[in-house]
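# Summary of structural features
The chain contents come next:
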Amino acid sequence: MKTRNIPYLSFNGMHDDIEQELIEACSKVIKSKWYILGNEVTDFENEFGKYINSKFNVGVANGLDALIISLKCLDIGPGDEVIVASNAYIACWNAIHAVGATIVPVEPDPQTFNLDPSLIVSSITKNTKAIMAVHLFGLVCDMDAILKIAEEYGLFIIEDNAQAQGAQIKTKKSASIGHINATSFYPGKNLGALGDGGMISTDNQQWAKKSLSLRNYGSGEKYINEYIGMNSRLDEMQAAILSVKLNHLDRWNQERIQIAKWYDQYLTNNSSLKKPKLITNGSHVYHVYSILSSQRNQIQEALKLNGIQTLIHYPIPPHLQQAYAHLEYKEGDFLIAEELADKCLSLPIYPGLSKGDVKYIANKIVALTN
Ligand SMILES: *Cc1c(COP(=O)(O)O)cnc(C)c1O
């Protein structure tokens, strides 16, 4: 049998289909002769806001900046503590560090890979200001429980929606629930630009105004600087591209969900594999389809020999990264995050991946693990 060549991610199924629309969007920007903070950014901010039902939406340069600016809007800085998952993506930790606040890691629920609400309360101190709720892999956090805790202790919630664009929590879309929320449009995200991009979403006008200023040198009015701001603007070209792609997001997410169902189906009755579970009232848009196995490295190697590319999200948890050596954490401090890092494997998932390919991948895994 011919070996297949299945990449971890392919844009073929998304971009080939809409290439003409993308070219027209770029061409419109070129001809407009206006490249920074123009109509395309404003239009996309409004369209995204309408899609998630959020009043104020501010396009920024990337997801990390969206998190940093969100924290700055809430006046979070030195002496303040922010609760975040011990297995979150490094950007979440970096954003908290960037504003000078203290990172307070809390272990995830091993069933969902997301912040375990039952462990949050014991980490709250008088200095706790916010909970960063990262919807890892596209599965939404248990927002009901997190909201209840935040309300009780007077904390802010910042959703990190970088991996969950289009996900639902009851009748609401992710990134419309926390006080101020961040999204990334890195190309590989479910809604990705053809370069970098990000968004801040909030219903609070004052924070929206501050975000607008902070993304543009701390200036609301040209050459009048209220804050020491950043240069973190979403550009016109990316905004135009994102406007086109937003119209296809639901369809692409449906494809991801269908692919996940096929994996679920072909990988069932395999007791040595674990997959993240859905929580009630929340959806999963499968930015990542992850399995857990103590034979992870052998599985990855065998899949590679069969032409299947996989990734590990993420091989080293933030507390064991050299960048955070100064926090003096050691192995064993966050056992769940460490176990996930040792066992998780992300299988190929993207619009256009065929049922036959999913079956081929799953069969290889089943053959190895049964
Ligand atoms: C991608 C990602 C980010 C950072 O986004 P960039 O646009 O790459 O800066 C932040 N948080 C999570 C959970 C992500 O997946």
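In this text, all values refer to a predicted model and were calculated from it rather than measured experimentally.

### Things to note about the nonpolar core
- One finds Leu 71, Val 84, Ile 120, Met 132 and Ile 146 to be the most contacted residues of the largest nonpolar core, which totals 62 residues.
- At six residues, the largest contribution of residues to this core is made by helix α4 (residues 63-73).
- Residues in contact with Val 84, not counting those within four places in the same chain, are Cys 92, Trp 93, Ile 96, Ile 103, Val 104, Pro 105, Val 106, Leu 115, Met 132 and Val 134.
- Judged by nonpolar contacts, the second largest core, of 25 residues, contains Leu 267, Ile 299, Tyr 350 and Leu 353.

### What to know about a nonpolar patch on the surface
- A grouping of Ile 30, Tyr 35 and Ile 36 is seen on the molecular surface, where their side chains present a nonpolar patch of about 280 Å² in accessible area.
- Turning to its location among the elements, Tyr 35 is positioned in the loop between α2 (19-32) and α3 (39-52).

### Side note on the site of the ligand
- Inspection of the region around the ligand gives Asn 62, Gly 63, Leu 64, Tyr 89, Ala 91, Cys 92, Val 134, Asp 160, Ala 162, Gln 163, Ser 184 and Lys 189 as its neighbouring residues.
- One nitrogen or oxygen atom from the side chain of Asp 160 is found 2.6 Å from a nitrogen atom belonging to the ligand.
- Within the side chain of Ser 184, one N or O atom sits 2.7 Å away from an oxygen atom of the ligand.
- Contact with the protein chains removes 90% of the 380 Å² of surface that the ligand exposes when unbound.
- Elements that contribute at least two residues to the shell around the ligand include exactly α4 and α5 (90-98).

### Focus: the pattern of salt bridges
- Following the criterion strictly, the structure yields nine salt bridges and no others.
- Close ionic contact of Glu 40 with Lys 28 constitutes a salt bridge, the shortest N to O distance being 3.2 Å. Of the two residues, Glu 40 sits in helix α3 while Lys 28 sits in helix α2, which places them 12 residues apart along the sequence.
- Residues Asp 333 and Lys 330 are paired through a salt bridge, measuring 3.1 Å at the closest nitrogen-oxygen approach.
- The class of Asp 333 is partly exposed, set by a relative accessible area of 29%.
- Look at Lys 330 and you get exposed, because its relative accessible area is 53%.

### Structural notes on the environment of Pro 105
- Structurally, Pro 105 can be placed in strand β3 (residues 102-106).
- Considering only alpha carbons, one finds Pro 105 and Ser 346, 241 residues apart in sequence, at a separation of 23 Å.

### Side note on the packing of aromatic side chains
- Tallying each qualifying case throughout the model produces 11 aromatic pairs.
- Ring geometry for Phe 44 and Phe 185: centres 5.4 Å apart, planes at 70°, overall edge-to-face. Taken as a pair, Phe 44 in helix α3 and Phe 185 in the loop between β8 (180-184) and β9 (198-202) lie far apart in primary sequence, 141 residues in all. The residues Phe 44 and Phe 185 share a single accessibility class, namely buried.
- Between Phe 48 and Phe 185 the ring centres are 5.6 Å apart and the planes differ by 85°, which places this aromatic pair in the edge-to-face class. Placement of the pair is Phe 48 in helix α3 and Phe 185 in the loop between β8 and β9, with a sequence separation of 137 residues.
- Here the guanidinium or amino end of Arg 4 rests over the ring plane of Tyr 360, the centre of that ring lying 4.5 Å away.
- The aromatic ring of Tyr 89 is capped on one face by Lys 189, whose charged end is 5.9 Å from the ring centroid.

### Quick word on unusual backbone geometry
- A cis amide bond links His 313 to the next residue, Tyr 314, at an omega of 5°.
- Mapped onto the elements, Tyr 314 comes out in the loop between α11 (296-305) and α12 (335-343).
- Unusually for a residue other than glycine, Phe 113 sits at a positive phi of about 70°.
- Checked against the element boundaries, Phe 113 lands in the loop between β3 and α6 (117-120).
- For Phe 113, a relative accessible area of 2% puts it in the buried group.
- Not every positive phi belongs to a glycine, and Tyr 217 is a case in point at roughly 60°.
- You can see Tyr 217 is positioned in the loop between α8 (205-214) and β10 (219-221).
- Classification of Tyr 217 by relative accessible area gives partly exposed; the value is 45%.

### A look at empty space enclosed by the protein
- Tallied over the full model, the rule gives two cavities of 30 Å³ or more.
- Of the voids in this model, the largest cavity is the one considered here, and its volume is about 100 Å³.
- Taken together, 14 residues form the lining of the largest cavity, with Asn 87, His 313, Tyr 314, Leu 340 and Ala 341 sitting closest to its centre.
- Ranked by the residues each element gives to the lining of the largest cavity, the list is headed by α12, at three residues.
- For the lining of the largest cavity, a count of residues per class yields 12 nonpolar, two polar and no charged.

### Things to note about the side chain of His 135
- Inspection of the secondary structure puts His 135 in the loop between β4 (128-134) and α7 (143-153).
- Polar contacts involving the side chain of His 135 include one to the main-chain amide nitrogen of Cys 141, which spans 3.0 Å.
- Contact partners of His 135, with chain neighbours within four places excluded, come to Asn 114, Val 140, Cys 141, Met 143, Glu 159, Asp 160, Asn 161, Gln 163, Ala 164, Ile 169 and Ser 174.

### What about the side chain of Asn 161?
- With respect to the helices and strands, the residue Asn 161 is situated in the loop between β5 (156-160) and β6 (168-169).
- Exposure remark for Asn 161: the relative accessible area of 0% places this residue in the buried category.
- Among the polar contacts listed, one links the side chain of Asn 161 to the side chain of Ser 174, at a separation of 2.7 Å.
- Beyond its immediate chain neighbours, meaning those up to four positions away, Asn 161 contacts His 135, Ser 174, Ala 175, Ala 182 and Thr 183.

So, how was this worked out
Residues numbered from 1 in each chain as written. Predicted model: local features only at pLDDT ≥ 70, side-chain atom pairs only at ≥ 80, totals over all residues. Heavy atoms only, no water. Core = buried A, V, L, I, M, F, W, Y, C linked by side-chain atoms within 4.5 Å. Buried < 20%, exposed > 50% of the residue type's maximum accessible area, 1.4 Å probe, protein only. Helix = DSSP H or I, 4+ residues; strand = E, 2+ residues; numbered from the N terminus. Contact = heavy atoms within 4.5 Å. Patch = residues over 30% accessible without salt bridge, like charges linked within 9 Å, V, L, I, M, F, W, Y side chains within 5 Å. Areas by Shrake-Rupley, 256 points an atom, 1.4 Å probe, with all protein chains shown as cover. Salt bridge = Lys/Arg side-chain N within 4 Å of Asp/Glu carboxyl O. Near = heavy atom within 4 Å. Polar contact = N/O pair within 3.5 Å; in protein donor to acceptor, adjacent residues only side chain to side chain. Phe/Tyr/Trp six-rings, centres within 6.5 Å; stacked < 30°, edge-to-face > 60°. Lys NZ or Arg CZ within 6 Å of the ring centre and 35° of its normal. 1 Å grid on protein atoms, 1.4 Å probe; cavity = no way out; pocket = protein on both sides within 12 Å on 5 of 7 lines; lining within 4 Å. Points joined across faces, edges and corners; volume = space filled by probe spheres on them. Nonpolar A, V, L, I, M, F, W, Y, C, P; charged D, E, K, R; others polar.

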